[in-house]
Amino acid sequence: MSKRIVTLAHYYTQPEIQQMADKVGDSLELSLYAKECGADVIVFAGVRFMAETAKILNPQAEVILPASGSTCSLVTQTDVKALQKWREEHADYVHVSYINSSAEHKAISDWIVTSRNVDDIIASLYAEGKKVAFSPDRNMGAYLNFQYGYDMPLWSAVCEVHDKFNQAALDEAFAAVKTAKYLIAHPESPLPVLQQADYVGSTSGMLNWIKAFNKEPDAVIFVATEDGILYNMGLARPDLNIKQAPIYAGCQCNSCPYMKMNTIDAVKRAQAGEGTRIDYLTPQQMDDARLPIERMLEFSKRYYQ
């Protein structure tokens, strides 16, 4: 009996990689898709923490990462031993961690959140009278503290792609546009950028915002996130003038170097069974990391359905 091989590609991979995939989407969405379709082999064209999440949620499957070096600055900037000490210093806090984190990081978390549900989960915890410590994304945590008046202790790691967006470059870009202009932004961006945004949300949320846009037809829409999603936005709404937000004057060129390691050749090799296997997580590590993810999934099931 042949194995069911499923190829997953994140929105931030190159268009030709997305065209090779059975499913394109956000990281958690992709891992859940693999589970629903009963994949025996998962080729995950993304970054390592995404492939780890796929393995945690599909422990029976073989998970292959096409590019061994495809990591994430939120992971590399987080020393898990230091994080454990930080957590112990905030022992009376609920430790909420963004899904963009390593399996080891997830395993010492109480809750895992995505950029879609982070607002609702943290609001729910505060409504229960609990205190929250947030990791690893400092920018996302700072936005939540600003937006809702929280005083969460924050771990200090950033996404090196989103952290490059800045207010001065946006102001200059906006000044050059004589028609209506809008800014939509991912919450991994710095607070001054998020404060300017007309919409702040997940990658899928921004794509849906573009799909539903029905205002000025000549508007310029700036998008503060990795440039890969502009391909999907252009497919969905070729009638709109969509630009990536600049990271400095005159530049619209912000790509995740790790996502772009997923080349056509690397994905083809992974589909043939070559590549980096996510086979180093122990059953205990996967069980510990799965618990806060399942807590999030159960919340989402109750809250959104």
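What follows deals with the environment of I221. Of note, I221 is situated in strand β10 (residues 220-224). In this structure, the C-alpha to C-alpha distance between I221 and L240, residues 19 residues apart in sequence, is 7.9 Å. Setting aside anything within four residues of it in sequence, one finds I221 in contact with Y182, W209, I210, F213, L240, N241, I242 and K243.

Turning our eyes to something else, we now look at the sheet that holds strand β7 (residues 132-135). Pairing is parallel in the open sheet, where three strands are placed in the order β6-β5-β7. The sheet is open, and its two borders are formed by β6 (111-113) and β7, each paired with just one other strand. When strand polarity is set aside, the average angle formed by the axes of neighbouring strands in this sheet is 30 degrees. Examined bridge by bridge, strand β5 (residues 94-98) and β6 share three bridges and lie parallel to one another. In the sheet register, Y98 faces β6, and the bridge partner there is V113.

Take unusual backbone geometry next. Omega for the bond connecting S135 with P136 falls within 30 degrees of zero, at -10 degrees, which places this linkage in the cis form. Within the element layout of this structure, P136 appears in the loop between β7 and α8 (138-148).

What follows is about the packing of helix α2 (residues 27-36) against helix α3 (residues 48-57). Running from amino to carboxyl end, α2 crosses α3 at an angle of 35 degrees, the nearest separation of the two axes being 9 Å. With respect to the hand of their crossing, α2 and α3 are arranged in right-handed fashion. Only F49, M50, T53, A54 and L57 of α3 make contact with α2, whose side of the interface consists of S27, L28, S31, L32 and K35. Across the contact of α2 with α3, the residue classes break down as six nonpolar, three polar and one charged.

Basis of the calculations
- Residues numbered from 1 in each chain as written.
- Predicted model: local features only at pLDDT ≥ 70, side-chain atom pairs only at ≥ 80, totals over all residues.
- Heavy atoms only, no water.
- Helix = DSSP H or I, 4+ residues; strand = E, 2+ residues; numbered from the N terminus.
- Contact = heavy atoms within 4.5 Å.
- Pairing = 2+ DSSP bridges.
- Axes fitted to C-alpha atoms, helices over the stretch in contact; angles between N-to-C directions.
- Left-handed = near helix turned anticlockwise from the far one by under 90°.
- Nonpolar A, V, L, I, M, F, W, Y, C, P; charged D, E, K, R; others polar.

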